[in-house]
Amino acid sequence: MLQAQLTLDPAFRVAPVHRRTFGAFVEHLGRCVYTGIYEPGHPTADEDGFRGDVLALARELGVTTIRYPGGNFVSGYRWEDGVGPVERRPRRLDLAWHSTEPNEVGVDEFVRWTAKAGVEPMMAVNLGTRGVQEALDLLEYCNVPSGTTLSDLRVANGAKEPHGVRMWCLGNEMDGPWQVGHKTAREYGRLAAETARAMRMIDPGLELVACGSSGASMPTFGAWEATVLEETYDLVDFISCHAYYEEKAGDLASFLASAADMEHYISSVVATADHVRARTGSRKRINLSFDEWNVWYMSRVQAQQPTVDWPVAPPLLEDHYHLADAVVVGSLLITLLRHSDRVTAASLAQLVNVIAPIMTEPGGRVWRQTTFHPFAQAARYASGEVLRVESLSPVHETAAYGEVPLLHTVATRGDEGTVLFAVNRSVEESLELEIDARALGDVRIAEVSTLGGADPYARNTADDPTRVTPRPNTDHRSDPLRVVLPPVSWNVIRLTA
Ligand code: AHR
C-alpha cells in the first residue's frame, strides 16, 4: 500500500468558504428547463409546473446560486419573450442549440423556482445580438421596485416584489466563434464596459462578471482576459472562467489529474488580472467566477445531434457519469476551494439532464448521477475557513500533466468542524494517509465517507440509482490518525475533539 502524510494547522488559513462556490447553472438547452426543472403534468409537478422531485434533489445537492438562462443560448435570447401570459409568448428558433424555444419558462418563472429551491439567482444578459439598452431593460424589469413601465409590467405579471438579482454576467463566452454575435476582445471589452457603466447607474451595488475565455485552450487565452480587463477593470467585480474535462483515449491517469489544469488556469487568470491592476493603478481586486466547470464528454456531442429539425427540448449533452467522473468532479471542487482567496463564485454546469448531477425521465423517474455526491458532500460539510493542507504524497507520471501527486486534498474548519476532502488519484493502489493534526489539539476521526468501488466506470441509472454512492469507510484509526483511501476515490474525513 502507498503511504502519504499531511499536516493540518488552523494557521494555514486561505480564505473563508464562499457559499457561492457551490453554484450551478440552468440553461435553456436540451432538457435542462423543459422536463428538467419544469414539467407541468409530471406526477410531482406543483402549481407552477415545477417538478417536485427535481426541486427536492436540488435542495439535497446544496446548490447555492443558479446562473441563468445561458450559456450560448443567452447570446440570441430576447428576455421579454419569456414574460407575460404564457399562451401569448412567441416560439423562437434558438440558434445556439438548433432547437425551438417555447418560452414557457422565462425570468419570472425562473426566479420563482429559485425561491422554492432556496438559491440565489444569477442572471446573464445578451451581449451577442443585443446590447446596453436591452440589459438595462431587463435590470429595470427585475430589480426596480415599481413606478416605471418595465417594473410595473413585472408587477402586472404577478411578481409584486423586485427579483433583487445581485450578480449579473455580461454576456457569455464572447470569444467563441460558435457564439451568435462573437466579438474580438476589444469589441467585447468596450461593450461590457458600456453595459456595466449603465447598469451601475441604476444600481451601483450590482456584482458584475466580465466574460473571460471559453477555456484555457482558446488561442486568445490570456490576451483576451488582459484586453477585456483593460476596458472594464474598475467597472466589474469578476472575470469568468470556463473549463470542461473528459477522459481521452482511455488515459484514466491523466483524466484523474484534470485538476492540475484547473490549478494552472486559475493561477494564469489571477496573474493576468493582477498585472492589469498594477498597470491601471486600481485599488480594486478582481475575483474569479468559475461559472462553468464540469466533466463533459464533448466528443460525444456530434453523436447526440437531434435528427428532427428545430426540436423542442431534445435530449442534448446528456452525459451519464461514472465513478471516475465523480472523483474528478470532487478533485475540481478541491481546487476551487484551495483557491478561495480568488475564486469566490462558481457554477457547476449544469443542474439537470444537461451534463448534470441530476437526471430525469420525461414524465418519470429522477436519480442522482455519481457526480451528485462529491458536490452534495462538499456543499454540506465545507464551512468556515479553507485551510491549506501541507502534504507529502507519492506521485504518478501522467501523459497530459507530467508528474502529479496521487493525494489531492483541502480542509475546512467551521460550524461543521474540521473536515478533510481528499481524492486518491491512483488508478490501482490504495493510499494510507497519516494525518498530523496536533495543531488542532486532541482530535480523532469521527467519520470517513468514501465514494469508491472496484469499477471506476460504474454508473447510476434509473433502475440502479444507488450503485455508486458514498459509503462509510471503517478502515481508519485515531492514534495516530490514519485512514486508507481506496484507488479512484473521493473521501470526506470528519474530525472531532
Ligand atoms: O454548458 C454548455 C455550454 O458550454 C454553454 O452553453 C456554453 O457557455 C459552453 O460552451
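The protein chain is annotated in an unreviewed UniProt entry as non-reducing end alpha-L-arabinofuranosidase from Microbispora oryzae. Per UniProt, the comment on the protein chain under Catalytic activity (unreviewed entry) is "Hydrolysis of terminal non-reducing alpha-L-arabinofuranoside residues in alpha-L-arabinosides." According to its UniProt record, the protein chain has this under Sequence similarities (unreviewed entry): "Belongs to the glycosyl hydrolase 51 family."

Caption draft 1: Here's a closer look at the environment of Leu-191. Turning to its location among the elements, Leu-191 is positioned in helix α5 (residues 185–202). Sequence separation between Leu-191 and Ser-214 is 23 residues, and the spatial gap between their C-alpha atoms is 18 Å. The contacts of Leu-191, once residues within four sequence positions are left out, are Leu-127, Arg-130, Gly-131, Val-132 and Lys-183.

Caption draft 2: Region of interest: the side chain of Ser-254. Secondary-structure assignment places Ser-254 in helix α7 (residues 252–256). Reaching out from Ser-254, the side chain makes a polar contact with the backbone nitrogen of Ala-399 at a distance of 3.3 Å. When neighbours within four sequence positions are excluded, Ser-254 is seen to be in contact with Thr-398, Ala-399, Ala-400 and Tyr-401.

Caption draft 3: Quick look at the sheet that holds strand β25 (residues 481–485). Spatial ordering of the open sheet is given by β16-β1-β21-β25-β24, a layout of 5 strands whose pairing is mixed. Single-partner strands in this sheet number two, and they are β16 (390–392) and β24 (476–478). Each strand of the sheet is rotated relative to its neighbour by a mean of 20 degrees, with strand direction disregarded. Where strand β1 (residues 2–7) and strand β21 (residues 431–436) come together, 6 bridges link them in parallel fashion. The partner of Gln-3 across the bridge, within β21, is Glu-432.

Caption draft 4: Summary view of the side chain of His-242. Examined against the element boundaries, His-242 turns out to sit in strand β10 (residues 238–245). Separated by 2.6 Å, the side chains of His-242 and Asp-291 make a polar contact. Aside from chain neighbours lying at most four places away, what touches His-242 is Arg-67, Asn-172, Glu-173, Ser-213, Ser-214, Gly-215, Tyr-265, Phe-290, Asp-291 and Glu-292.

The rules we used
Residues numbered from 1 in each chain as written. Predicted model: local features only at pLDDT ≥ 70, side-chain atom pairs only at ≥ 80, totals over all residues. Heavy atoms only, no water. UniProt positions renumbered as here; feature names shortened; annotations may be inferred. Helix = DSSP H or I, 4+ residues; strand = E, 2+ residues; numbered from the N terminus. Contact = heavy atoms within 4.5 Å. Polar contact = N/O pair within 3.5 Å; in protein donor to acceptor, adjacent residues only side chain to side chain. Pairing = 2+ DSSP bridges. Axes fitted to C-alpha atoms, helices over the stretch in contact; angles between N-to-C directions.

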